[in-house]
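Descriptive analysis of the structure
This is what each chain is made of:
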Amino acid sequence: LSTIKIGCKNELFGHNLRLGNSLVFWALCGRYVLGHEAMRRMGTANVLIAGMRGLGVEIAKNVILSGVKSVTVQDEGPAEWMDFSSQFFLLASHLGQNRALSSLSQLSGLNPHVHVSAHTGPLKETLLQQFQVVVLTDSTLDDQQRFGTFCHSNGIKFIVADTKGLCGQLFCDFGEEFEVLDTDGETPASAMIDHITKADPGVVTCIEQRHGFVNGSTVSLSEVCGMTKLNSYGPVDIKVLGPDSFSICDTSSFSEYKKGGVATEVKKSKMLQFKPLDEALVDPELLVMTDYGKMTKHQTLHLAFQALHGFVKRVGRLPKPRSQSDAELLVAMVTELNKVSHLDQLDEGVVQSLSFTACGDLAPVNAFIGGLAAQEEAMFYLSGKLSIGMCWWIFIPCLSALSTALLSLLQRGSRYDGQTAVFGSGFQERLGEQKYFLVGAGAIGCELLKNFALIGLGAGEGGHITVTDMDSIERSNLNRQFLFRSQDIGVREKQKSEVAAQAVRVMNPNMNITAHQNRLDPDSEQVYGHAFFMGLDGVAAALDNVEARVYLDGRCVQHQRPMLEGGTLGSKGHTLVVVPHLTESYGPAKTGSQNASPLCTLKNFPHRIEHTLQVRRLHEGPLGERSRSNDAYAIVPCRDAAGFLERTLGRGEAEALEVLECVWGGVGGQRPQGWEDCVGWARRQWETLYNNDIAQLLHCFPSDQLTSSGLPFWSGAKRCPHPLTFDPSNTTHMDYVVAAANLYGQIYGIVGTRDSSAIRSILETVHIPAFTPKSTVKIHLTDKEMEEERESGHLDTGRLDELQKKLSSPPVNSAALQMHPIDFEKDDDNNFHIDYIVAASNLRAENYDIPTADRHKSKLIAGRIIPAIATTTAAVAGLMCVELYKLVQGHRKISSYRSGYINLAVQYCVLSEPLGRPSMHKGTQVKEQRKVCSKKRELSGPHLQFASDVMPGFWVIRFYGTMATL
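Residues numbered from 1 in each chain as written. Predicted model: local features only at pLDDT ≥ 70, side-chain atom pairs only at ≥ 80, totals over all residues. Heavy atoms only, no water.

This paragraph deals with helix α23 (residues 675-700). With 26 residues, α23 should reach 38 Å at 1.5 Å per residue; the first-to-last C-alpha distance of 36 Å fits that figure. Along α23, the sharpest kink reaches roughly 40°, centred on Thr688. (Helix = DSSP H or I, 4+ residues; strand = E, 2+ residues; numbered from the N terminus. Expected span 1.5 Å × (residues − 1). Bend = angle between axes of the 7 residues up to and from the residue.)

In structure tokens:
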């Protein structure tokens, strides 16, 4: 249960209580990453965020999307042009007005279930007492120490976040004692048990080749048959003996193990102690490295940020851009501080670069630091999930991009003032001239478009952004794709790409952007062909699957265009920059990384809930393919029925038999005439799937069946099933019938009902034919057997001939045969789709004694929902745009670039030099060229000629997604 604020009341809701899709789904979105208890804790928190420049609004956006109780934004200052380089909720009309008030309307619209207010007065201790979490941005060191001490003494969680040009810092203090409920943020590991020995200690062998546990893990055992004491034994510490085995407690006095069982990891809580800011400033052990190639720079920056506060206090301003005298003063102040810190080495170049850029304000840096800060605040303290949780002084390795040749007179009164203070107006012009292609307008795509608008990418003369995304906006998008609103859901004219493009035009009216709704694949190469890619300066990938990434990478390699790529999975994220002739490309998909479970396992031998949840692969025929095949038959004029049959038979007899069976099921005697027929069909389907099919399987392979080696057939991953008996008083049984009957009715345009009492009355009249298992039925043990039989041509040709005769003369009124195919939609809780999948999966799990899954978990797996949160996507997009700066400047040293790997659930954020492009020895060149060109004929001719034009004296070709020079 979660407590969600609705108006002035607190209401509790669970799976059986519907309070409206908007409220329920917004809460469920975060649960896919954080879980139920974490979301409950977040829903009770009041948060204060001080400072509404770019960093403050970034943090506020992420926290509001996460779903806390209330957020108050505080700022005393008026909006000015310098803010526009990173404050995405300010308009030109807000100049001179209070930043907090100007941002309030847009922040409130992000999540209707979070109360957002503004405070325009100064920060005082009496104000801080009203909140559980206080975040300071754009603050002085004196204020940080003053309020940090107050919050530490009063049990208020305290966060300091700050950015200066290309550098940022983050500090967290959650008190003397803070309990972490989950130390790694990962889903608890679980494994199916194959055997347990009677010994001291007992040894558990798992069905899976890798159980996923580590030494010291604590697990609970359940569903064990025979050695039943283990089911109530409680959590037990284990010792890993191998990838598929581990030892537990003394089992020598327990009963003999018979079968079954699940081992599930039990998360251990952990108490953390935080130091107040005063102590943390002088404790070097709290410094977390993000770029291990620049450890000295991290240590120097820790002192430089403190010196910067002293500089402002002494001079009354930040150092001027590229002022040598200001830089010398800051270096002297850092040297003085080091007399206490005793660093072995100071990097004066870093101090100088910080001084040169400190008055700048960059959107990508704010996005990265803002994502981390919101993760600390919302996902760590508020949810109890472990994250960074200590003290960060973060260095973004982009200072090498500072070239004095790019710096010209600064433009005052421009929305890019905060950026030109770092890079100069000449570089700003180059950004505006860029032509970029963004593929994907989802979570990362929205964040990238925001950054593009703020930095002015493609917003100048000759510049342009093309964005494509074929998806429409769904309710599940709203908790992380902040450019969309509730009113955009389900509107056909409002595709993701178009709405996102309109939103960033508001942020920056100078944006030159075109929205497409095309899928990027070989079919769209007429749109995105050679001329299109040759007109680009670069490509940004914000995709949600590996196959699309590989294809886009190939197009970029072929046309020698740089690519920025990023992805997230919950609190984890990565970034990759691909530079032609310099770095390794994304490369081909790794084989086996996304392999589906064998069909024979799903049909006959499931042993995990993930197997039973693949209902769509097993049951699409009755609810999907039949209506599509029938439509193809029904829309054919009567005179061309023979043509339809001829085309169908041309697909092969085996496939033709499947198609014609589907068609006959829709037009023959099985076509329902009313609601009662739909209920009858659903009841007979239940009997077939959960009783008859299981009885037939046990007839072919009895429970005591032995293999040719004399071992039990039903062992290991093969769980012996048992048939179910329909019980109208069983909720899951009725859930299946209600959902299946309604879905079947939708296909034929028949209106159904959720009235269980009425459906039970109809069920009393449904006749269930008696079933007798047949000895002639063959059940395949592997997919290979299934495919071999399919290819052997052993099929019922008599049935095929019979169907051809029946369908050769369709009724004159073909409109009466029309059906309505059902496309799976996970976000509509009233369409019976998830209802059907949950019931069908749990019934099959009951057949095989597999632990069932609730609606929440079932929806996550069956809907193939990739858990995503706003904090991670913001951080990843920020890192991608930092690399974008380097691409636009044309860096040719691989040491200038960084690939990013982050896991915001733990202390892990690493920026590392990308891998270089592959090279080959001279002796293999001609041989490899022939081999690749013989396999990839499309690489000959103009592609190779173009490559030689770009890089005279070299041939650049694609090796399955990588680049090589010949």
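Between its terminal C-alpha atoms helix α28 (residues 833-847) stretches 21 Å, which fits the 21 Å expected from 15 residues at 1.5 Å a residue. For α28, the buried fraction is high: 14 of the 15 residues fall into the buried class. Looking one or two residues beyond α28, the residue adopting positive phi is Asp849, at roughly 55°. (Buried < 20%, exposed > 50% of the residue type's maximum accessible area, 1.4 Å probe, protein only.)

Right, let's talk about the pattern of salt bridges for a bit. Throughout the structure, instances matching the rule amount to 23 salt bridges. Where Glu58 meets Lys61, a salt bridge forms, and the shortest distance between an N and an O atom there is 2.7 Å. Linking Glu58 with Lys61, this pair stays in helix α3 (residues 54-66), spanning three residues, or about one helical turn. Judged by its relative accessible area of 2%, Glu58 falls in the buried class. Across the salt bridge formed by Lys268 and Asp237, the nearest N and O atoms sit 3.7 Å from each other. (Salt bridge = Lys/Arg side-chain N within 4 Å of Asp/Glu carboxyl O.)

Turning next to the pairing of strand β4 (residues 70-74). Summarising burial for β4: five of the five residues are buried, a large majority. Going residue by residue along β4, you find Ser70, Thr72 and Gln74 tucked away on one face and Val71 and Val73 tucked away on the opposite face as well. Note that strand β3 (residues 46-50) and β4 share five bridges and pair parallel. If you follow Ile49 over to β4, its bridge partner there is Val73. Note on the crossover from β3 through α3 to β4: the handedness is right-handed. This β-α-β element, β4 to helix α4 (residues 99-108) to strand β5 (residues 115-119), shows right-handed connectivity. (Pairing = 2+ DSSP bridges. Right-handed = clockwise from strand over helix to strand, strands pointing away.)

Before going further, it helps to spend a moment on the confidence of the model for the protein. When the pLDDT values of the protein are averaged, the result is 81; 78% of them are 70 or greater. Within the protein, strand β1 (residues 2-6) has the poorest average pLDDT of any element, 25, and strand β19 (residues 435-439) the best, 98. Every residue in residues 387-393 scores below 50 in pLDDT, and together they form 43 contacts with partners more than four places removed in sequence or on other chains. With pLDDT under 50 throughout, residues 920-966 is counted as low confidence; its partners more than four residues away or in other chains account for 73 contacts. (pLDDT = per-residue confidence, 0-100. Contact = heavy atoms within 4.5 Å.)

A word on the sheet that holds strand β16 (residues 262-265). Two modes of strand pairing occur in sheets, parallel and antiparallel, and in both the strands are linked by backbone hydrogen bonds. With antiparallel pairing, the seven strands of this open sheet are ordered in space as β13-β12-β16-β10-β11-β15-β14. Here the strands that pair on one side only, and so sit at the sheet edges, are β13 (236-237) and β14 (239-242).

Let us now look at the packing of α23 against α28. Packing of α23 against α28 leaves a shortest axis separation of 11 Å and a crossing angle of 15°. Judged by the angle between their axes, α23 and α28 are roughly parallel. Crossing angle aside, the handedness with which α23 passes α28 is right-handed. Residues Trp686, Leu689, Tyr690 and Ile694 of α23 lie in contact with α28, whose contacting residues are Ala840, Leu843, Arg844 and Asn847. Among the residues forming the contact of α23 with α28, the class breakdown is six nonpolar, one polar and one charged. (Axes fitted to C-alpha atoms, helices over the stretch in contact; angles between N-to-C directions. Parallel < 35°, antiparallel > 145°, perpendicular 65-115°, else oblique. Left-handed = near helix turned anticlockwise from the far one by under 90°. Nonpolar A, V, L, I, M, F, W, Y, C, P; charged D, E, K, R; others polar.)

As a further point, take the nonpolar core. In terms of nonpolar packing, the biggest core is built from 96 residues, with Ile59, Val71, Leu107, Leu448, Leu449, Phe452 and Leu483 touching the most fellow members. Here this core gets 11 residues from one element, more than from any other, and that element is helix α30 (residues 870-889). Those residues in contact with Leu107, other than ones at most four positions away along the chain, are Met52, Val57, Ala60, Lys61, Ile64, Val73, Phe89 and Val116. Trp686, Ile759, Ala845 and Ala862 belong to the second-largest nonpolar core, a separate cluster that totals 49 residues. (Core = buried A, V, L, I, M, F, W, Y, C linked by side-chain atoms within 4.5 Å.)

So, on to the sheet that holds strand β23 (residues 563-569). The mixed open sheet is built from eight strands, whose spatial order is β21-β20-β19-β22-β23-β24-β25-β26. Here the strands that pair on one side only, and so sit at the sheet edges, are β21 (513-516) and β26 (908-912). Direction aside, neighbouring strands of the sheet carry axes that sit 10° apart on average. Bridging between β23 and strand β24 (residues 572-578) involves seven bridges; their strand directions are antiparallel. Among the inter-strand pairings, Met563 is bridged to a residue of β24, identified as Val578.

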